[in-house]
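One-letter residues, chain by chain:
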Amino acid sequence: MRQNKGLTAFISISLLISPISSCNTLSEKEIVYRQSFDSGKAIYEDECQKCHKSDGEGLGTLYPPLVNSDYLQSGLDRLPCIIYKGLKGEIMVNGKKYNWEMPAHKDMDEIQMSAILTYIQSQWGNKRGTVSYEQARIDIERCKK
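Source: prediction; values computed, not measured. (Residues numbered from 1 in each chain as written. Predicted model: local features only at pLDDT ≥ 70, side-chain atom pairs only at ≥ 80, totals over all residues. Heavy atoms only, no water.)

## Thoughts on the packing of helix H6 (residues 110-120) against helix H7 (residues 133-144)
The contact between H6 and H7 brings their axes to 8 Å, and the two run at 105°. Taken as axis vectors, H6 and H7 run roughly perpendicular relative to one another. Within the contact between the two elements, H6 uses Glu110, Ile111, Met113, Ser114 and Leu117 and H7 uses Tyr133, Ala136, Arg137, Asp139 and Ile140. (Axes fitted to C-alpha atoms, helices over the stretch in contact; angles between N-to-C directions. Helix = DSSP H or I, 4+ residues; strand = E, 2+ residues; numbered from the N terminus. Parallel < 35°, antiparallel > 145°, perpendicular 65-115°, else oblique. Contact = heavy atoms within 4.5 Å.)

## Details of unusual backbone geometry
Of note, Lys53 is a non-glycine position whose phi angle comes to about 70°, a positive value. Relative to the helices and strands, Lys53 is located in the loop between helix H3 (49-52) and helix H4 (70-73). Of note in the backbone geometry, Asn68 takes a positive phi value of approximately 50° without being a glycine. Given the relative accessible area of 60%, Asn68 is considered exposed. (Buried < 20%, exposed > 50% of the residue type's maximum accessible area, 1.4 Å probe, protein only.)

## Notes on the state of the cysteines
Taken as a whole and assessed by the stated rule, the structure comprises one disulfide. Each sulfur in the disulfide pair Cys81 and Cys143 lies 2.1 Å from the other. On the sign convention where negative means left-handed, the S-S torsion of about -95° between Cys81 and Cys143 marks this disulfide as left-handed. One end of the pair, Cys81, is in helix H5 (residues 79-85); the other, Cys143, is in helix H7, and 62 residues separate them in sequence. One exposure class covers both Cys81 and Cys143, and it is buried. In this structure Cys48 is a free cysteine whose sulfur lies 8.5 Å from that of Cys51, the closest cysteine sulfur available. The class for Cys51 is partly exposed, based on a relative accessible area of 22%. (Disulfide = S-S within 2.5 Å.)

Put into structure tokens, the structure is as follows:
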């Protein structure tokens, strides 16, 4: 039920933007990015912001920052599995130790995973861009192993 907010946002935005997309100069790629970003933002606000905060700065020594995170920047390929499987054990982020468990989100589908990855990897100075549904599906399958 909690992921419904992000999915609902994605569908709503898709329905709103589709009719007006022919009235502006946005490319299809830009429209897809905006839809995914906005949906990912809704999921982040619903699921992640409680711990990582709205500005991505984290919460003290409990939850690490996502903004300017050397841990994420050195391994963005592990982000889907962190989201999908959660994270247990000590990690070092920007020279500080964190050892608070992150819950798994194993009920997240490829649309939601695509959206949250697009949002996180495009926020706070990150410039990774859109993560496709196909890539998110591959990531989820890889994480299940």
